[in-house]
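Read off the chains here:
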Amino acid sequence: MSDQSGTPRVRADLRPALGAAAALLATMAIAAALLALGGHSPAVAFGALARGAFGSWHNFISVTLVQATPLLLTGLAVALAFKARVWNIGAEGQLHAGALAGVAVAVSVPASSAFLLLPATLLAAAAAGALWASVPAAMKTRMGVGEVITTLLMNFVALFLAQFLVHGPLRESRGVFNQTDAIPAAAQLPTLIPGFRLHLGFLIGILIAVALWLYLARTPGGFRIRAVGASPRAAEVSGRFRTTPVIWRAFLVSGAIAGLAGWIQVSGITHRMYEGLSPGWGYTAIAVALLARLHPLAAVLTAIVFGALSAGGGAMQREAGVPDVWVRGIEALVILAVLTVDRVLQTIDRRAARGSPRAAHSRA
Amino acid sequence: MTAAVSLRGVTKRFGALRALDAVDFELAPGEIHGLLGENGAGKTTLARVVAGLLAPDAGRVQIGGREVRLGSAAEARALGVAMVHQHFSLVPRFTGFENVALFNAEAWTPRGGVRDDYRGRIEARAAELRLPVQLDVPVERMGVADRQRIEILKALMGETRVLLLDEPTAVLAPQEVEGLFAVLRRVAAAGTGIVLVAHKLDEVLAAAGRVTVLRRGRWVLTREAGGVTARELADAMVGVGGVAAGLPGGGSVLAGQEAPAPAIVAELKDVSAASVSGAGLRGVSLAVRRGEILGIAGVGGNGQRTLASVLAGLQAPDAGEAVLPAEAGWIPQERDGEGLVNDFTIAENVALAVHAKGAYRRGPWLDWAEVEEAAAALVGEMDVRSGAPGVAAGTLSGGNQQKMVAGREFLRSGKLLVAESPTRGLDVKATVAVRERITALAKHGDRAPGIVLISTDLDEILELSDRIAVMVRGRLIPVPPEDHNPAAIGELMLGAGSRGGVRHQADARDRPGARETAG
């Protein structure tokens, strides 16, 4: 076979990438039309957006990539879960659980060494995210409750829990704002490049992306996740393994990565936990994952795309007078465009591959 | 006399393929017209055009002498056309009565209830047709034959002038087929034209007045059933010089046992096992030797599924002893979604079976190079056409998919191979090819697996098996070699006989057919 790489999925197939590009283009076209209808100049708006996101090294590294970091981590969390056909809509809640756990450990453990404190906080955040995901996991595997609803509802529980904690038990000792105390320096992720805000968390995100890719493509465990996602029944009958542990694994690892996203944001950027830490990264993550076709490496790119959107949104508001909510609208449009393009591509594929009605007609 | 249905030059395209290519077809009132052809010949497409489910791209359709352009099933229904699909369209939780009423708008009151007198009309119609139906049992608790009778009654409640039946005999035991045909003859005698889509030649010849053969979307011939032989029809179906060797009905049986009996690879001793759906196993004993094919006949839903999953080691027996190899191959009934993953490549589908084996691992990694090598070897050995390790399984034809699954399951275990209806839904050529591969596997000498062939297709069982047993209501009845013929086995399939010392409860007699009783 021509495929010497050893990975089974590497067929010279650019269609997913083309599809993603087509979806983005379609989104931009629709957004441009809507902007024009709203009385804004699409050219001015997009120009401002692009400058805000890519206009300078500062904008790109300290704003776009910084914004991309939580999107990348939550996007990877969602991609892994979706790969196993676990529809985890709860990255937002898992992110909050992770942030809370990380902060709790950081402010309560009197360790001065970053080598001790950072790993401990990261571990706590991952564990809390996994714990948050374990509730929907148990409900799905034991009681057959659909995880779309449960993971979503767990988000609200996490948000309210965070609200309660920053108003009460974890409120800063000054007692002025509804936020936690600043975490000690030993619990802060170092920056990567002097003079820029970009921190180690971005690198962690890329490492996790590579690890997930290797895991899915090259290990038996990752293969099982893909098999369950492709066909749970075939996994049982032909794969001869139980799907429940695989589903649990998908939930837990997904939750853990989302949990890391929350703590990494606090540890690398805000240094405190407060209400409204996330503008909805856990939801945008779904768009990140879908646009990446659930491919972990592609998620690095799509996270940067959405990071740029969010970074450029501010500039668009300042320079072109286009409200920031447009960016949220664009994110939603991307999801719709990806799903539509997928369906269109499938139809084209089917027509091309079968070229015949075999399926429609095989019962004749 | 006006034809009940008349098609002139009807063409139906799907993409590049012409499912029907300028086909002429005529159905007279009161005749049973057999429609024959291989898979993909266009039989179902033709029926669906008449039923209004597909709009033809070209040609004329007349129903009852009137030219129609059917756009919907409702229109066809209003013209008196009804179709019984191969896969029934019944609501499982509804009773027989509710299902019949649901389908017939004249049963409804304006407020959505059912007319008080409709129950009586259904009973009267069933009596008139001498159709034994269970009106008060939920469909999900009925056997296949009972469900089919509900479908037929449902279709015949209105003024039905044309009745289309798509492969109605595929799910029935031979005796049940007789019962069905008796009903159809009565329906036809009352003036309804019946189109019987089928692929079993002898059955069609027995029931139909005329037969039409389609091949690759084209009309081939229409003859009086009395004036044509099964052989001629077979040739017409596959084209002259076809694959007569593979045609059902022949029946080379009994390879006989060689002097030194090969080792037993799997044994069940008085095994009972529950089932989530359908029948479980009740006191089943069997032994399979290396290199032999043990055929398990039976009407679907009599415990075959449970037997397969017990043999494959997916389910532990509740009682009794199962001596099984560590791993068994299993060619499951459904290819798509059970036997293989369409979106996976052939290599990935092979990996389903071997990903947990040490030989295909390198440290923590799955050794894809090794898997691909195995996949390539398998493609060659099993003659998987247009297959390669990197090709998506979904792009293969059904027969080639099944060959791949068979090869993979052999790779999984060289000891025991369970084949569950391995040729279901395949055309004649693919059927022959898959059967050849399965028999070839049994001839690997010392490396041959013992094969348990579970099939509802009696011809397949007779053709391939060295020994035969029949599965009825969770029990396994061995069939002595002298009874290796359709009539004797068919009788056992219905639970009528009591050979092999198996006791039969009274419930086996109360209803001919394969009712699946709960528990």
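Check the entry above for the structure.
No experiment lies behind these values; they were computed from the predicted model shown. (Residues numbered from 1 in each chain as written. Chains lettered and ligands numbered in written order. Predicted model: local features only at pLDDT ≥ 70, side-chain atom pairs only at ≥ 80, totals over all residues. Heavy atoms only, no water.)

Student: I'd like a description of the sheet that holds strand β14 (residues 319-323) of chain B, backed by residues and values.
Tutor: Residue and element names in this part refer to chain B. Here three strands make up an open sheet; going across it, the order is β12-β11-β14 and the pairing antiparallel. Either end of the sheet is taken by a strand with one partner, and the two such strands are β12 (281-289) and β14. Sheet twist, expressed as the mean angle between neighbouring strand axes with direction ignored, is 10°. Bridge count for strand β11 (residues 264-273) against β14 is four bridges, and the pairing is antiparallel. Paired with serine 272 across the strands is alanine 319, a residue of β14. (Pairing = 2+ DSSP bridges. Helix = DSSP H or I, 4+ residues; strand = E, 2+ residues; numbered from the N terminus. Axes fitted to C-alpha atoms, helices over the stretch in contact; angles between N-to-C directions.)

Student: I'd like to hear about the environment of leucine 214 of chain B, residue by residue, with values.
Tutor: All names here are of chain B. Along the chain, leucine 214 turns up in strand β9 (residues 210-215). Here leucine 214 falls in the buried class, since its relative accessible area comes to 0%. For leucine 214 and leucine 36, which are 178 residues apart along the polypeptide, the C-alpha to C-alpha distance reads 6.2 Å. Excluding residues that lie within four positions of it along the chain, leucine 214 makes contacts with Leu20, Val23, Leu35, Leu36, Gly37, Ala41, Gly42, Lys43, Leu46, Trp219 and Val220. (Buried < 20%, exposed > 50% of the residue type's maximum accessible area, 1.4 Å probe, protein only. Contact = heavy atoms within 4.5 Å.)

Student: Which residues make up the nonpolar core, and what are the values?
Tutor: In this structure, Trp263 and Met273 of chain A together with Ile489 of chain B are the most contacted members of the largest nonpolar core, which totals 152 residues. Broken down by element, the residue count for this core peaks at 14 residues, all from helix α3 (residues 57-83) of chain A. Shared between two domains, this core takes at least three residues from each, and those domains are domain 2 (249-328 + 413-519) and domain 3 (338-411) of chain B. The residues touching isoleucine 489 of chain B, leaving out its near neighbours within four places in the chain, are Ala297, Leu458, Leu462, Ile468, Val470, Val479, Asp483 and His484 of chain B. (Core = buried A, V, L, I, M, F, W, Y, C linked by side-chain atoms within 4.5 Å. Domains from an automatic or database assignment.)

Student: So what about the packing of helix α4 (residues 91-108) of chain A against helix α11 (residues 281-291) of chain A? Which residues, and what values?
Tutor: When two helices pack together, their arrangement is captured by the angle between the axes and the distance separating the axes. Residue and element names in this part refer to chain A. With their axes 6 Å apart at the nearest point, α4 and α11 run at an angle of 130° to one another. Considered as vectors, α4 and α11 are oriented oblique to each other. Along this stretch, α4 crosses α11, giving a crossing that reads as right-handed. Residues Ala91, Glu92 and Leu95 of α4 lie in contact with α11, whose contacting residues are Trp281, Gly282 and Tyr283. Classifying every residue of the contact of α4 with α11 by side-chain character gives four nonpolar, one polar and one charged. (Parallel < 35°, antiparallel > 145°, perpendicular 65-115°, else oblique. Left-handed = near helix turned anticlockwise from the far one by under 90°. Nonpolar A, V, L, I, M, F, W, Y, C, P; charged D, E, K, R; others polar.)

Student: If you had to explain the sheet that holds strand β1 (residues 5-14) of chain B to someone new, which residues and values would you point to?
Tutor: Residues and elements named next belong to chain B. With respect to topology, four strands assemble into an open sheet ordered β2-β1-β4-β5, the strand pairing being antiparallel. Strands at the two margins of the open sheet, each flanked by one partner only, are β2 (17-27) and β5 (66-68). When the angles between neighbouring strand axes are averaged without regard to direction, this sheet yields 30°. One ladder, built from three bridges, connects strand β4 (residues 58-63) with β5; its direction is antiparallel. For isoleucine 63, the partnering residue across the bridge sits in β5 and is arginine 66.

Student: Please set out the pattern of salt bridges residue by residue, giving values where relevant.
Tutor: According to the stated counting rule, one finds 33 salt bridges over all chains in the structure shown. Residue glutamate 319 of chain A pairs with arginine 51 of chain A through a salt bridge whose shortest N-O separation is 2.8 Å. With a gap of 268 residues between them, glutamate 319 of chain A in helix α12 (residues 296-320) and arginine 51 of chain A in helix α2 (residues 42-54) connect regions that are remote in the sequence. The salt bridge partner of arginine 223 of chain B is glutamate 232 of chain B, with a shortest N-O separation of 3.6 Å. Here the residues in one salt-bridge network are Arg240 of chain A together with Glu327, Lys357, Arg408, Glu409 and Arg412 of chain B, joined through shared partners. (Salt bridge = Lys/Arg side-chain N within 4 Å of Asp/Glu carboxyl O.)

Student: For the packing of aromatic side chains, give the residues involved together with the corresponding values.
Tutor: Under the definition given, this model contains four aromatic pairs over all chains. When the centroid spacing of 5.8 Å and the interplanar angle of 35° are considered together, the rings of phenylalanine 54 of chain A and phenylalanine 60 of chain A count as tilted. Here phenylalanine 60 of chain A falls in the partly exposed class, since its relative accessible area comes to 24%. With a centroid separation of 5.7 Å and an interplanar angle of 35°, the aromatic rings of phenylalanine 223 of chain A and phenylalanine 344 of chain B are classed as tilted. You can see phenylalanine 223 of chain A sitting in helix α8 (residues 220-230) and its partner phenylalanine 344 of chain B sitting in the loop between β15 (329-331) and α10 (346-354), one on each of two chains. There is no split in this pair, since phenylalanine 223 of chain A and phenylalanine 344 of chain B are both buried. Clustering of aromatic rings is evident, with ring pairs tying together Phe223 of chain A together with Phe344 and Trp368 of chain B. Above the plane of the ring of phenylalanine 97 of chain B lies arginine 119 of chain B, whose end atom (NZ or CZ) is 5.4 Å from the centre. (Phe/Tyr/Trp six-rings, centres within 6.5 Å; stacked < 30°, edge-to-face > 60°. Lys NZ or Arg CZ within 6 Å of the ring centre and 35° of its normal.)

Student: Please set out unusual backbone geometry residue by residue, giving values where relevant.
Tutor: Residue and element names in this part refer to chain B. Located in the positive-phi region is arginine 216, a residue other than glycine, with phi close to 45°. Tracing the backbone through its elements, the reader meets arginine 216 in the loop between β9 and β10 (218-224). Here arginine 216 falls in the exposed class, since its relative accessible area comes to 68%. Although it is not a glycine, aspartate 383 sits at a positive phi angle of roughly 60°. Topologically, aspartate 383 is positioned in the loop between α11 (368-381) and α12 (398-412). In this structure aspartate 383 comes out as partly exposed when scored by relative accessible area, which is 25%.

Student: Explain the pairing of strand β13 (residues 293-297) of chain B residue by residue, including any values.
Tutor: Residues and elements named next belong to chain B. The buried fraction of β13 is high, at five of five residues. What you see with β13 is no split at all: Ile293, Gly295 and Ala297 on one side and Leu294 and Ile296 on the other are buried throughout. Looking at chain direction, β13 and strand β19 (residues 450-454) are connected through four bridges and run parallel. When the bridges of β19 are listed, isoleucine 293 appears paired with isoleucine 451.

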